[in-house]
Amino acid sequence: MPNSKPAPAIVWFRRDLRLADNLALCKAVETGAPVICLYIREPGDPLAGANGGAQAWWLHHSLVALDESLKARGNRLVTMTGDPLHLVEWVADKTGAEAVFWNRRYDGPGREIDSDIKGRLRDKGLRAESSPGFLLHDPTVVKTKQGKHFSVYTPFWKAFEAGYQPPDPIDAPKRIAAGSFDLEIEPIDGWALLPTKPDWAKGFESLWQPGEDGARALLKSFVGKQLRAYGERRDFPGESHTSRLSPHLAFGEISPHAIWRAMDAQNRKADNEDETRFRKEIVWRDFAWHTLFHNPRLDSINLDRRFDDFPWQSDSKMLKAWQHGMTGYPIVDAGMRELWQTGTMHNRVRMIAASFLIKDLLIDWRDGERWFRDTLLDADAASNPFNWQWVAGCGADAAPFFRIFNPTLQGEKFDSHGDYVRRWCPELGKLPDKFVHRPFEAPTEILKKAGVVLGETYPKPIVDHGKARDAALAALKTTRNETEED
Ligand code: FAD
């Protein structure tokens, strides 16, 4: 039996854990009815819920932050666990709600659930309304001249650039009316999202501020400072010239429209290279989702089916060495350790580490994708598999497989003084710049002076890159319709 009048409206929060620029929330508030702010933990659906351990940590803090913001506006978050297909309807029945609002999601399983729920609610005569979600454009909006979806980035960017204007900002509501409803709220603490034994997320606290306020503060500081050298310095992992906004975007704590507007507000020249470069990265995110929308099994199926026959090696020892940053290639190891300790990894190093797993170790990109999904704070259903396929050479507009990164040269190019490697592999800290990316070539005297004992304090390379490269190219030749080296 409904126990409050007038009939409330439900906002179903998902990957949009913010109050500003939240169309679904705005529509619910505009009804003038009490608003039920619902978050459903959807177990068993890794695409709809928290992806992995690292994201569970973020989700906890993000929900707590959202709840606090709602409380400051006279409302609160109603947290429940279960199958949304039943729960949304159940909450509507129990409270007598007449309207349900949400912002869209674009992964296959999520879309199916949402479309079923919409149908069921509408069949019962309720208003069920979804709004554009967490992208600049919904994935169906940008089309080729022939009305198809894009599989190459540059024309996507051009079409996008021509058609995109950010919508006007929507301020966070000052008050969000709450009714009194007999709903059992599950305490977020009870969800055990935070690791305990061991508490591997200890290092995260000082680095991140999950929630809308943290996202806004980061954007402000990025636009004011680091953006200035973004184009030139974004590839150097020892420096901090990227925005670090990705986990906030992954949880929808900030809308990409707000990021776009923040750059517009700088009144920079239209041809400003840093700004254009940055906008292009944000549009890569849209492109990844566009690709997932049209290829819902992006995390499991090669977009280029010629790779279906690729002779991947199954070697758990090698996989472990990579996961734990013990490959003997400093830039790879530094990246993998940064990931473990901070929940993120610099983009350039993600490319090097992914290339190493796929091409030096010949381990299936899906194994790497899974590890990233579990350890990255920003893992999302599109960007992660999209980028793994891109590195593997089987993805949309991908780097060809035969372009194989040399991890030593990449390290020397983008971390020439070894600052990044020294930060994450302190056991190499005393090596001179010349050898910090190639300890395996350092003379005994130099190793000794730096306190490095290969095979003891730091691993010997688990593969010889030159030989591994040859093996990778040979493996490529065994696949159907082999791709020629250029
Ligand atoms: P910035 O350089 O400040 O870029 C701004 C924003 O643009 C990012 O926050 C992100 O939302 C978007 N962006 C930038 N580069 C890319 C890209 N290549 N693809 C899609 N969006 C991009 N990014 C994720 O958000 N989630 C993932 O799960 C993810 N997995 C990746 C896996 C691999 C193997 C690789 C090579 C890249 C992956 N990326 C992923 C892309 C990229 O590494 C991160 O978005 C970036 O490092 C985040 O740091 P930032 O916010 O400081 O980026």
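Quantities reported herein were computed from a predicted structural model and do not represent experimental measurements.

Student: Let's hear about the site of the ligand: which residues, and what values?
Tutor: In the vicinity of the ligand lie 26 residues, with Tyr230, Thr242, Ser243, Arg244 and Asn347 positioned nearest. Contacts to the ligand include arginine 244, whose backbone N or O atom sits 2.7 Å from an oxygen atom. Summarising the interface, the protein chains cover 96% of the accessible area of the ligand, which totals 820 Å² for the free molecule. Broken down by secondary-structure element, the contributors of at least two residues to the shell around the ligand are helix H8 (246–250), helix H10 (273–294), helix H13 (347–360) and helix H15 (383–392). Here the element with the most residues in the shell around the ligand is H10; it accounts for 5 residues. Classifying every residue of the shell around the ligand by side-chain character gives 13 nonpolar, 7 polar and 6 charged. A domain-level breakdown of the shell around the ligand finds at least three residues from each of domain 2 (135–166 + 213–294) and domain 3 (305–479).

Student: Give me the environment of glycine 325: which residues, what numbers.
Tutor: Mapped onto the fold, glycine 325 is located in the loop between helix H11 (316–323) and helix H12 (330–342). Measuring from C-alpha to C-alpha, the distance between glycine 325 and methionine 336 comes to 4.9 Å, with 11 residues separating the pair along the chain. Apart from the residues lying within four places of it in its own chain, the contact partners of glycine 325 are Asp333, Met336 and Arg337.

Student: Can you tell me about the side chain of arginine 14, naming the residues and giving the values?
Tutor: Along the chain, the position of arginine 14 falls in the loop between strand S1 (9–13) and helix H1 (23–30). One polar contact links arginine 14 to aspartate 114, side chain to side chain, over a distance of 2.7 Å. Setting aside residues no more than four positions away along its own chain, arginine 14 makes contact with Tyr39, Trp102, Asn103, Arg104, Arg105 and Asp114.

Student: Describe the nonpolar core, listing the residues and the values that go with them.
Tutor: One recurring pattern in soluble globular proteins is that nonpolar side chains are buried together. Core analysis: the biggest nonpolar cluster contains 53 residues, and Trp322, Val332, Met336 and Phe372 have the highest contact counts within it. Top contributing element to this core by residue count: H13, with 7 residues. Those residues in contact with tryptophan 322 that lie beyond four places of it in its chain are Thr327, Val332, Met336, Ala353, Phe356, Leu357, Leu361, Gly368, Trp371, Phe372 and Trp388. With 39 residues, the next largest nonpolar core counts Phe134, Tyr153, Val283 and Ala381 among its residues.

Student: I'd love a proper account of unusual backbone geometry, names of residues and values included.
Tutor: The backbone of alanine 192 shows a phi angle near 50 degrees, a positive value even though the residue is not glycine. Take alanine 192: it is sitting in the loop between helix H5 (153–163) and helix H6 (212–224). We classify alanine 192 as exposed; its relative accessible area is 60%. We note that arginine 244 has phi near 60 degrees; this positive angle belongs to a residue other than glycine. Along the polypeptide, arginine 244 turns up in the loop between helix H7 (230–233) and H8.

Student: Could you give an account of the sheet that holds strand S5 (residues 127–131), naming the residues involved and the relevant values?
Tutor: In a beta sheet, neighbouring strands are held together by backbone hydrogen bonds and run either parallel or antiparallel to one another. Strand order in the open sheet formed by 5 strands is S3-S2-S1-S4-S5, and the pairing between neighbours is parallel. Strands at the two margins of the open sheet, each flanked by one partner only, are strand S3 (77–81) and S5. Neighbour-to-neighbour, the strand axes of the sheet open up by a mean angle of 25 degrees, direction not taken into account. Strand contacts of helix H2 (residues 53–71): S1, strand S2 (35–41) and S3, with the helix running at about 145 degrees to S3, the strand carrying the most contacts. Here helix H3 (residues 84–95) sits on the sheet and contacts S1, S2, S3 and strand S4 (99–103); the angle it forms with S2, its principal contact strand, is near 155 degrees.

Student: Got a sec to walk through the packing of H13 against H15? Specific residues and values, please.
Tutor: Look at H13 against H15: their axes get within 9 Å of each other, and the N-to-C directions meet at 60 degrees. Comparing the axis directions of H13 and H15 gives the class oblique. With respect to the hand of their crossing, H13 and H15 are arranged in right-handed fashion. In contact with Met351, Ala354, Ser355, Leu357, Ile358 and Lys359 of H13, H15 contributes Trp388, Trp390, Val391 and Ala392.

Student: Describe in detail the domain arrangement of the chain, supporting the description with residues and values.
Tutor: Entries for the chain in the domain assignment read domain 1 (9–133), domain 2 (135–166 + 213–294) and domain 3 (305–479). Across the boundary between the two partners, domain 1 contributes 15 residues, which contact 16 residues of domain 2. Summing both sides of the interface, domain 1 and domain 2 together bury roughly 1,500 Å²; the carbon and sulfur share of this comes to 55%. Applying the counting rule to domain 1 against domain 2 returns 2 salt bridges. Taken together, the connections running from domain 1 to domain 2 amount to 10 residue pairs in polar contact (both at pLDDT 80 or more). For the side of domain 1 that touches domain 2, the element with the highest residue contribution is H2, accounting for 4 residues. Here the residues of the side of domain 1 that touches domain 2 are counted per class, giving 5 nonpolar, 3 polar and 7 charged.

Criteria and thresholds
- The numbering scheme is per chain: residues are counted from 1 as the chain's sequence reads.
- Totals for whole chains, interfaces and linings use all residues, but because this is a predicted model, local features are given only for residues with pLDDT of at least 70 and pairs of side-chain atoms are given and counted only at 80 or more.
- Each side-chain value is derived from all of the structure's non-hydrogen atoms; neither hydrogens nor water enter the calculation.
- Neighbouring residues are identified by heavy atoms, a residue being near a molecule or strand if any of them is within 4 Å of it.
- Polar contact criterion, stated in full: a pair of N or O atoms within 3.5 Å, where within protein one must be able to donate a hydrogen and the other to accept it, and residues adjacent in sequence count only if both atoms are side-chain atoms.
- Reported accessibility uses the Shrake-Rupley method at a 1.4 Å probe radius. Residues are deemed covered only where the shown protein chains occlude them.
- What counts as a helix is a DSSP run of H or I of at least four residues, what counts as a strand is a run of E of at least two, and both are numbered from the N terminus.
- In this count, Pro and Cys sit with the nonpolar residues alongside Ala, Val, Leu, Ile, Met, Phe, Trp and Tyr, while Asp, Glu, Lys and Arg are called charged and the others, Gly among them, polar.
- Domain delimitation in this document rests on an assignment produced automatically or drawn from a domain database.
- The criterion used for residue contact is that any of the two residues' heavy atoms lie within 4.5 Å.
- Definition of nonpolar core: a set of buried residues of the types Ala, Val, Leu, Ile, Met, Phe, Trp, Tyr and Cys, connected through side-chain atoms within 4.5 Å.
- To sort residues, take the accessible area from a 1.4 Å probe on protein chains only and compare it with the maximum for the residue type: under 20% means buried, over 50% means exposed, and anything in between is partly exposed.
- Two strands pair if DSSP finds at least two bridges between them.
- Axis definition: a line fitted to C-alpha atoms, limited for helices to the stretch in contact. Angles are taken between N-to-C directions and run from 0 to 180 degrees.
- Angle categories are assigned with fixed cut-offs, so that under 35 degrees is roughly parallel, over 145 is roughly antiparallel, 65 to 115 is roughly perpendicular, and the rest are oblique.
- We call a crossing left-handed when the near helix sits turned anticlockwise from the far one by less than a right angle, and right-handed when that turn is clockwise.
- A simple way to read buried area is as the amount of 1.4 Å-probe accessible surface that goes missing from two parts once joined, with both sides added.
- Here, a salt bridge means any Lys or Arg side-chain nitrogen found within 4 Å of an Asp or Glu carboxyl oxygen.

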